[in-house]
Amino acid sequence: MMKVMQTVVTASGLMLQASEHPVPTPGPGEVLLRVRAAGVITAELLWQPTTHKADGSPRTNAIPTHEFSGDIAACGEGVSSFSKGQAIYGMNDWYQEGALAEFTVAPATSIALRPKSLSYEQAATVPIGALTAWQALTTQGHLQPQQRVLIHGGAGGVGFFAVQFAKSLGAYVIATASQDTVPFVEGLGADQVFDYRATRFDQELRDIDLVVDTVGGEMLARSWSVLRAGGRVVTAVSSIPDDAPQKIKDAFFLVHPDGKRLDEIASLLDAGKLQTFVKTVVPLQEAEQAYNPSLPSALRYGKTVVAVAP
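Residues numbered from 1 in each chain as written. Predicted model: local features only at pLDDT ≥ 70, side-chain atom pairs only at ≥ 80, totals over all residues. Heavy atoms only, no water.

Q: So, unusual backbone geometry: which residues are in play, and what are the values?
A: One non-glycine residue, Gln146, adopts positive backbone phi at about 75°. Inspection of the secondary structure puts Gln146 in the loop between α3 (127-140) and β8 (148-152). Although it is not a glycine, Asp207 adopts a positive phi angle of roughly 60°. Assignment of secondary structure puts Asp207 in the loop between α6 (201-204) and β11 (208-213). (Helix = DSSP H or I, 4+ residues; strand = E, 2+ residues; numbered from the N terminus.)

Q: Would you mind going over the sheet that holds β11 in detail, with residue names and values included?
A: The 5 strands lie next to each other as β10-β9-β8-β11-β12, forming an open sheet whose pairing is parallel. Across the chains shown, the open sheet's two edge strands, defined by having one partner strand only, are β10 (192-195) and β12 (227-235). The average angle at which neighbouring strand axes cross in this sheet is 20°, direction not considered. Relative to β11, β8 runs parallel, the two sharing 4 bridges. In the sheet register, Leu150 faces β11, and the bridge partner there is Val211. Relative to the sheet, α3 contacts β8, β11 and β12, its axis offset from that of β11 by approximately 145°. (Pairing = 2+ DSSP bridges. Axes fitted to C-alpha atoms, helices over the stretch in contact; angles between N-to-C directions. Contact = heavy atoms within 4.5 Å.)

Q: Could you give an account of the pattern of salt bridges, with specific residues and numbers?
A: A full pass over the atoms with the stated rule returns 11 salt bridges. For the salt bridge of Arg222 with Asp202, the shortest nitrogen-to-oxygen distance reads 3.1 Å. Taken together, the residues span a long stretch of sequence, with Arg222 in the loop between α7 (217-221) and β12 and Asp202 in helix α6 at a distance of 20 residues. Sharing partners across several salt bridges, the network here consists of Arg200, Asp202, Glu218 and Arg222. (Salt bridge = Lys/Arg side-chain N within 4 Å of Asp/Glu carboxyl O.)

Q: Quick one: what's the story with the side chain of Asp209, residue by residue and with numbers?
A: Its place among the elements puts Asp209 in strand β11. Those residues within four positions of Asp209 in sequence are excluded, and the remaining contacts are Gln147, Arg148, Arg228, Gly231 and Arg232.

Q: Account for the packing of aromatic side chains, naming residues and giving values.
A: Counting across every chain of the model gives 8 aromatic pairs. Between Trp47 and Trp94 the ring centres are 5.2 Å apart and the planes differ by 75°, which places this aromatic pair in the edge-to-face class. Residue Trp47 is located in the loop between β3 (30-39) and α1 (48-51), and its partner Trp94 is located in the loop between β5 (87-91) and β6 (103-107); the two are separated by 47 residues in the primary sequence. With relative accessibility at 19%, the residue Trp47 sits in the buried group. Accessibility expressed as a relative area gives 8% for Trp94, which makes it buried. With a centroid separation of 4.6 Å and 40° between ring planes, the pair formed by Phe160 and Phe161 is classed as tilted. Grouping residues by exposure puts Phe160 and Phe161 together as buried. Ring pairs connect the aromatic residues Trp134, Phe160, Phe161, Phe165, Phe184, Phe277 and Tyr301, which therefore count as one cluster. In this arrangement the basic side chain of Arg36 is found over the ring face of Tyr120, its NZ or CZ atom lying 6.0 Å from the centre. Stacked on the ring of Tyr120, the Lys or Arg Arg114 has its end atom at 4.2 Å from the ring centre. (Phe/Tyr/Trp six-rings, centres within 6.5 Å; stacked < 30°, edge-to-face > 60°. Buried < 20%, exposed > 50% of the residue type's maximum accessible area, 1.4 Å probe, protein only. Lys NZ or Arg CZ within 6 Å of the ring centre and 35° of its normal.)

The following block contains the structure:
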């Protein structure tokens, strides 16, 4: 048996509760991971895959958090690219049981060797944030050198990767951020940073080639007015109302796992060409605190991590 934190329905809404589950068995093409750390997306407890199965039926007692770092405990049939004991990082499917557990299962194609320069906690901040940022800019956004990109939420767990990647691709990078994180985002290489409370970006900007949105709501709705003809908006925010305009629905995409890209990202991290940031760390038994956006932390930027095991 293994210790887990699972979702439970209470009078106050969906919460996390300590429990025990059988240690899972990896299937063909999968690996069993001894989880050391898990990266947290604070909105995940509200997402459809947390409360419903892929067929739409209700899901109970889900184990959340789908990016992680840890050690391979066993390999399923057909896995030859990894071996027991290797330190890895990666992600698994939203409908699988996640990493708020001592063990989890993931496809071998969705993981990579952990960057040597990062701790387990640091590595757990990378997979979903970095892959989302890269895919938003390239696969979805088709960003080219010299183009102008606006990144909403430049200090967040996706945004700080997007700023760094966009700069490395040769773009002119503009970002929105809170006042106290403006210097941080500028330090990542952004050419312009707007305090989103003090300045309306849509009154200051025009002829933007690509908007990458990690905030949603009004920020997303106002983004079309700053585009050049033929410009694009990409959003990774899933909380889009059913009655939202079709252009907003069409702008949404969901990150897909990519172990090969994680290998390349690990090389960038180890070479010092890419940075990641841990906002705060909480132990597994206090994991519910990690989903509170107002959780006190040493940094105003970066990602919260749950330390599952030493």
